[in-house]
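Here is how the chains run, residue by residue.
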Amino acid sequence: MGFLLEKCTFRPYNQEILDSCEPFDCGNSDLNGFFSKDVIKYTSELLGKSYCFTLDENPKVIVCAFTVSNDSIKVQTLPNSRKKKVTKRIPREKETRSYPSVLIGRLGVNKNFGRLGVGSDLMDFIKSWFVHPGNKTGCRFIVVDSYNTPKPLLYYTNNGFEPLFSTEEQEKEAMNLPLDKPLKTRLLYFDLILLKIEEQTE
Amino acid sequence: MATAIKNIPVLKKEAASTFNEKIEKNIANRASVDFSKKVSISSKILAKAKS
Ligand SMILES: CC(C)(COP(=O)(O)OP(=O)(O)OC[C@H]1O[C@@H](n2cnc3c(N)ncnc32)[C@H](O)[C@@H]1OP(=O)(O)O)[C@@H](O)C(=O)NCCC(=O)NCCS
């Protein structure tokens, strides 16, 4: 994370960034479009907050950018067998457990800084940010909806993310998507409980 | 308009049990990855940040 600390500055991705920086290019037209057009509207509608790192020696250069929103992972389970006995005559109700999560809606690294470890450092920063003692709310998981192509999938799995669904078929079924069509994106998660920070007492 | 982000669907049946098994294991391995240094670098990044 040395490069992000020593050579870059962390900033909200706002109108000032759009007005003063060169257009952000991470090599993905969808993401570039978002960071050049939709980002301000997205922020103003409170759908997500976007941030970036600019290069200190030329602050017109956006090195990397990302968008985060509050979300949750909900898991439906049947009551356990002991509880089942107690509530024998009551129809078994499904329980849903909800885990607070943060969704990385968009993330990209300037293609001129690709394959230098910036993406992994950015992910370490995001993880640290959400386990940081200054974080105001509890957050168990980081979730991302990654493009279903080798490069981003490798990027996320190399950074400790796991698919939320074991197979593409399972994910299509859960999303009510046709089974014969390709899956464009895959949901992946990272469990922040694995991280140890000094302030932790346990 | 950029591609819409998928909603996270409720995990059910097999997906729910696989997920529960994995996160139980993670609870057993809680705080197994030392992130203290990274959190301290993040604090410095945040201290240097512009708002
Ligand atoms: C995916 C992306 C974020 C990676 O950023 P990066 O700074 O190049 O990543 P890093 O240098 O930290 O590499 C981390 C890992 O990502 C994977 N990766 C990165 N570039 C890759 C490439 N061209 N081919 C295959 N794997 C690649 C590798 O697993 C790599 O680990 P390794 O170097 O130990 O093999 C960046 O390429 C990007 O912005 N792409 C376009 C947008 C996108 O796909 N965003 C993510 C999906 S929402």
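Look above for the structure.
For clarity, every value in this text was computed on a predicted model and none was experimentally measured.

Quick notes on the rules
Residues numbered from 1 in each chain as written. Chains lettered and ligands numbered in written order. Predicted model: local features only at pLDDT ≥ 70, side-chain atom pairs only at ≥ 80, totals over all residues. Heavy atoms only, no water. Near = heavy atom within 4 Å. Polar contact = N/O pair within 3.5 Å; in protein donor to acceptor, adjacent residues only side chain to side chain. Areas by Shrake-Rupley, 256 points an atom, 1.4 Å probe, with all protein chains shown as cover. 1 Å grid on protein atoms, 1.4 Å probe; cavity = no way out; pocket = protein on both sides within 12 Å on 5 of 7 lines; lining within 4 Å. Sits in = over half its atoms within 2 Å of the grid points. Helix = DSSP H or I, 4+ residues; strand = E, 2+ residues; numbered from the N terminus. Nonpolar A, V, L, I, M, F, W, Y, C, P; charged D, E, K, R; others polar. Salt bridge = Lys/Arg side-chain N within 4 Å of Asp/Glu carboxyl O. Buried < 20%, exposed > 50% of the residue type's maximum accessible area, 1.4 Å probe, protein only.

Trainee: Quick question: what am I supposed to make of the site of the ligand here?
Mentor: All names here are of chain A. Taken together, 19 residues lie near the ligand, and Val-109, Arg-115, Gly-117, Gly-119 and Asn-158 sit nearest. Leu-116 places a main-chain nitrogen or oxygen 3.3 Å from an oxygen atom of the ligand. Between an oxygen atom of the ligand and a side-chain N or O atom of Asn-158, the distance comes to 2.5 Å. Compared with its free state, where it exposes 910 Å², the ligand has 78% of that area covered by protein. Judged by the proximity of its atoms to the pocket grid, the ligand belongs to the largest pocket. Counting only elements with at least two residues in the shell around the ligand, the list comes to strand 4 (95–109), helix 5 (118–131) and helix 6 (150–158). If you tally residues by element for the shell around the ligand, the top one is helix 6, at 6 residues. Its residues assigned to classes, the shell around the ligand shows 11 nonpolar, 6 polar and 2 charged.

Trainee: How do you make sense of the pattern of salt bridges when you look at a structure like this?
Mentor: If charged atoms from side chains of opposite charge come close, those side chains can pair. This model, assessed by the stated rule, comprises 9 salt bridges over all chains. Close ionic contact of A:Lys111 with A:Asp25 constitutes a salt bridge, the shortest N to O distance being 3.2 Å. Taken together, the positions of A:Lys111 in the loop between strand 4 and helix 5 and A:Asp25 in the loop between helix 2 (15–20) and helix 3 (29–44) put the pair 86 residues apart, joining distant regions of the chain. For A:Asp25, a relative accessible area of 27% corresponds to the partly exposed category. Connected through shared salt-bridge partners, A:Asp145, A:Glu171, A:Arg186 and B:Lys6 make up one network.

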